[in-house]
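A structural walkthrough
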Amino acid sequence: MNDRPALDLNLLRTFLAVHRSGSFTAAAQQLGLSQSTVTAQVRALEERLGGPLFERRARGAAPLPHADALAARVAGPLDALAGTTGGSPDAGPEPVRLAGPAEFLGTVLLPALAPLVADGVRIEVTTGLTDPLLTALRAGQHDLVVATQRPRGRTLYAEPLADEEFVLVAAPAWADRLAGRELPGALDRVPPVGYAADLPILRRYWRHVFDRRLQTAAALTVPDLRGVLAAVTAGAGWTVLPSYLCRAELASGALRVLHHPEDPPINTAYLVQRPTGSANPHTALVRKRLLAAARAQ
């Protein structure tokens, strides 16, 4: 007969909040507790179980393997209990918190989510750069993040979402002027347009395709690739864009591809979530639709 007392549900709830957020601070904010209380409750659970559950780090708490196993065991029952005891049953799930680059979300992914919204799924979108969005995901501020690079470590689960192929483009007037001239030298006197002053996408294209450094300064910078697309289509100069973003302009002739390399540069986008997933049942619906939409491109 086992005389050991049952585990305190409050300790398990606090543990699960830390595990899902990857942070004692974020868990304290979610639970409405002080950080010292959260720390004390996790330590009490660790003493009860006979070992540490998290590796404390400067930027949060990384779950150890047996913490992942414990979270998998208790998440379902605790979520079901919370649904039974808290809030109005008619309130429905909270919005799914989706984050990622504005251009890819707006052009490819959000249109695919429209049927879910029409069916009652609520979605809250945040746009931004990958690194801060992943930090916010670890802190429990997002449910799903579209990332332009695979996150490091074990605190997040990432799955390939889509490959972006990059193309070198300009408006027809510039393309006609450059016809028959050798690249990349012919572009020396054509204004380059990018989303940042250091022209990261253009420089990557130069290294990958031409095996040399790009030796030029930006003529125009717009911190949104849709703005870069609009400027180049209007004749501002040349740029490098992901093909999904300028597909319509290329099809209509408003833009032209200036170079067709045998091995164009490609970047993989990832769909990222915390290892334990989300308590919101609509998150799985959004994830499934995002994967289908990206792979249909």
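A quick note: this is a predicted structure, and the numbers were derived from the prediction, not measured.

1. Structural notes on the packing of aromatic side chains
Per the stated rule, a full pass over the model turns up seven aromatic pairs. Measuring from ring centre to ring centre gives 6.0 Å for Phe24 and Phe54, while their planes differ by 75°; the resulting arrangement is edge-to-face. One end of the pair, Phe24, is in helix 2 (residues 24-31); the other, Phe54, is in strand 1 (residues 54-57), with 30 residues separating them in the sequence. Taken as a pair, Phe24 and Phe54 share a single burial class, namely buried. Each member of the aromatic cluster is reached from another via a ring pair, and the members are Tyr205, Trp206, Phe210 and Trp238. The ring of Trp174 has Arg177 sitting right over it, with the charged end atom 4.3 Å from the ring centre.

2. Let's talk about the environment of Gln30
Looking at where Gln30 falls in the secondary structure, it is placed in helix 2. The exposure class of Gln30 is partly exposed, given its relative accessible area of 46%.

3. Some remarks on the packing of helix 1 (residues 9-21) against helix 3 (residues 35-49)
Two elements in contact, helix 1 and helix 3, have axes whose closest approach is 9 Å; the angle formed by their N-to-C orientations is 110°. On the basis of their axis angle, the class for helix 1 and helix 3 is roughly perpendicular. Judged by the twist between their axes, the crossing of helix 1 over helix 3 is left-handed. Here helix 1 contributes Asn10, Leu11, Leu12, Thr14, Phe15 and Val18 to the contact with helix 3, which in turn contributes Val38, Gln41, Val42, Ala44 and Leu45.

Analysis parameters
- Residues numbered from 1 in each chain as written.
- Predicted model: local features only at pLDDT ≥ 70, side-chain atom pairs only at ≥ 80, totals over all residues.
- Heavy atoms only, no water.
- Phe/Tyr/Trp six-rings, centres within 6.5 Å; stacked < 30°, edge-to-face > 60°.
- Helix = DSSP H or I, 4+ residues; strand = E, 2+ residues; numbered from the N terminus.
- Buried < 20%, exposed > 50% of the residue type's maximum accessible area, 1.4 Å probe, protein only.
- Lys NZ or Arg CZ within 6 Å of the ring centre and 35° of its normal.
- Axes fitted to C-alpha atoms, helices over the stretch in contact; angles between N-to-C directions.
- Parallel < 35°, antiparallel > 145°, perpendicular 65-115°, else oblique.
- Left-handed = near helix turned anticlockwise from the far one by under 90°.
- Contact = heavy atoms within 4.5 Å.

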